[in-house]
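Here is how the chains run, residue by residue.
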Amino acid sequence: MLSRLVLVSGHTLKNSGSFGACLVQASRSFHQSSQSLAPVPPLPEKGGKVRHGIFPEELFTLLYPKTGVTGPYMLGTGLLLYMLSKEIYVINHETFAAASIGAVVIYGVKKFGPSVATFADKINEDKVAKAQEVKDQAMASLAQGIEDEKKEQWRVEGRHMLFDAKRNNVAMLLETNYRERLHMVTNEVKKRLDYQVELQNLHRRMEQEHMVNWVEQSVIKSITPQQVQRI
Amino acid sequence: MMVSFFDQFASPSYLGIPNIAVAIALPWVLYPTPPARWINNRLITIQGWFINRFTNQLMLPLNVGGHKWALLLASLMIFLITINMLGLLPYTFTPTTQLSLNMGFAVPLWLATVIIGMRNQPTIALGHLLPEGTPIPLIPVLIIIETISLLIRPLALGVRLTANLTAGHLLIQLIATAVFVLLPMMPTVAILTAAVLFLLTLLEVAVAMIQAYVFVLLLSLYLQENV
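Residues numbered from 1 in each chain as written. Chains lettered and ligands numbered in written order. Predicted model: local features only at pLDDT ≥ 70, side-chain atom pairs only at ≥ 80, totals over all residues. Heavy atoms only, no water.

The name UniProt assigns to chain B is ATP synthase F(0) complex subunit a, from the organism Cyprinus carpio. The UniProt entry for chain B carries the following text under Subcellular location: "Mitochondrion inner membrane". Database annotation for chain B, UniProt heading Sequence similarities: "Belongs to the ATPase A chain family." (UniProt positions renumbered as here; feature names shortened; annotations may be inferred.)

Per an unreviewed UniProt entry, the recorded name for chain A is ATP synthase subunit b, and the organism is Cyprinus carpio carpio. UniProt annotates chain A under Subunit (unreviewed entry) with the comment "F-type ATPases have 2 components, CF(1) - the catalytic core - and CF(0) - the membrane proton channel. CF(1) and CF(0) have multiple subunits." Under Sequence similarities (unreviewed entry), UniProt gives the following word-for-word description of chain A: "Belongs to the eukaryotic ATPase B chain family."

As structure tokens, then:
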């Protein structure tokens, strides 16, 4: 894992710093394929596999063909015993301090490791979820827009019925209006004619009365005194 | 040459290279630059979350003029906390145990806050020397006391950090030596002492983080008074 740290920090060292740019440009001539910065290649899903927290799995895979499963463990034990017996590493007070801090670190990692990892994953997932929500909302609103548009088109098809009804209304109004005026006209004409008829009736009545009066007058005038004496 | 306990107070060097140079450069390696990606790996996500959260909290009581100090204070905090925590590992050298480094941080930053205060708002900055509601006869004495308190601040900042870390490291080494020496003679006592050592290590982890935080918090407080 520390080797991986060196590799990663070496890479960042190459990319950052004032001489980093020159290094990148200089190494560009060594690259055979065409360089393109987009699309950015995806990160691996999980970190490198490690055994016992610090030893990369590649060490075990490297040693397996020659020494089998117990190879790396024998190497570790041998190295440790060699350094102890030859006093390359001297046990002193710092060993116990190292044991103490090692216990604290291992306890911390075992206890809080998974929760911290899920916390980090949750931060990233929230980011993705927010963006996904925006996308889903946009898609939902567009689908809703399509639905509304289809509904409007269906409504438009029924428009001719509305126009027919309106046309009928207007025709009825016109018809009613015409009939009213016709009615009014007949009434007026009838009134005029009635007037003339009444006038003629009046004339005839007046003539009749006049004739009756004249006949009465003449009869009264013609009643001579001898007729009066006779009665 | 036997390693003595007082060697930690001297700045060590190995093969002519002072260890402090390597120790100061080490935190930079542990905080990689975030790549130009939207979703990062767990390490960068957590580091970014922590730095954002911390800076947000630190800048809350400051007005807009104080926000210029955000980068400085946040990077100082990350630097100090990383150095303190790395110093708990065995066979390491903690630069913050050196008074020179801590005074080198405390004096210029404190002086900057004082000069900013005196230059921009001298009345308010001098007004801090007299707390509200003091009885009239006490005023001269209090001004002197507050001035001394002001001038001692950089010393306090530097020495607080140095003393805490040095004392902690010294204690760890002493108790570890006690365990080492007692183990062949009285194993039971050695085991008890080892338990004490374990608890002390836990305390030192806490102290490492708290002291870094207190350093930066006090600086932000001094800034708040003056900006």
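So that's the structure; there's more coming.
The interface is formed by 31 residues belonging to chain A together with 27 residues belonging to chain B. Buried surface at the junction of chain A and chain B, both sides included, amounts to about 2800 Å², of which 74% is carbon and sulfur. Summed over the three residues of chain A that lose the most area to chain B, namely H93, F96 and I101 of chain A, the buried surface amounts to 22% of that side. Run the count over chain A and chain B and you get one salt bridge. Of the charged contacts in the structure, one is a salt bridge between D121 of chain A and R42 of chain B, with a shortest N-O distance of 2.8 Å. Where chain A meets chain B, there are eight residue pairs in polar contact (both at pLDDT 80 or more). Those elements giving two or more residues to the side of chain A that touches chain B turn out to be α1 (2-15) and α5 (93-157) of chain A. Top element by residues in the side of chain A that touches chain B is α5 of chain A. It accounts for 20 residues. (Contact = heavy atoms within 4.5 Å. Buried area = accessible area lost by both parts, 1.4 Å probe. Salt bridge = Lys/Arg side-chain N within 4 Å of Asp/Glu carboxyl O. Polar contact = N/O pair within 3.5 Å; in protein donor to acceptor, adjacent residues only side chain to side chain. Helix = DSSP H or I, 4+ residues; strand = E, 2+ residues; numbered from the N terminus.)

Time to look at the packing of aromatic side chains. Scanning the model with the defined rule gives seven aromatic pairs over all chains in all. Aromatic side chains F96 of chain A and F180 of chain B sit 6.0 Å apart centroid to centroid with 45 degrees between the ring planes, which places their arrangement in the tilted category. Here the residue F96 of chain A occupies a position in helix α5, and F180 of chain B occupies one in helix α6 (residues 139-185), the pair thus bridging two chains. Among the residues examined, F180 of chain B registers a relative accessible area of 33% and is labelled partly exposed. In this arrangement the basic side chain of R51 of chain A is found over the ring face of F60 of chain A, its NZ or CZ atom lying 4.0 Å from the centre. (Phe/Tyr/Trp six-rings, centres within 6.5 Å; stacked < 30°, edge-to-face > 60°. Buried < 20%, exposed > 50% of the residue type's maximum accessible area, 1.4 Å probe, protein only. Lys NZ or Arg CZ within 6 Å of the ring centre and 35° of its normal.)

All names here are of chain B. Where helix α4 (residues 99-120) meets helix α7 (residues 187-226), the closest approach of the two axes is 8 Å, and the angle between their N-to-C directions is 15 degrees. Considered as vectors, α4 and α7 are oriented roughly parallel to each other. The interaxial crossing formed by α4 with α7 has right-handed handedness. For the pair α4 and α7, contact is made by N102, F105, A106, L109, W110, T113, V114, I116 and G117 and by F215, L219, Y222, L223 and N226, respectively. In terms of residue class, the contact of α4 with α7 is made up of ten nonpolar, four polar and no charged. (Axes fitted to C-alpha atoms, helices over the stretch in contact; angles between N-to-C directions. Parallel < 35°, antiparallel > 145°, perpendicular 65-115°, else oblique. Left-handed = near helix turned anticlockwise from the far one by under 90°. Nonpolar A, V, L, I, M, F, W, Y, C, P; charged D, E, K, R; others polar.)

What follows concerns the environment of L26 of chain B. Residue and element names in this part refer to chain B. Note that L26 resides in helix α1 (residues 19-30). Looking at L26, the relative accessible area reads 38%, which means it is partly exposed. As a C-alpha pair, L26 and A208 span 182 residues in sequence and 17 Å in three-dimensional space.

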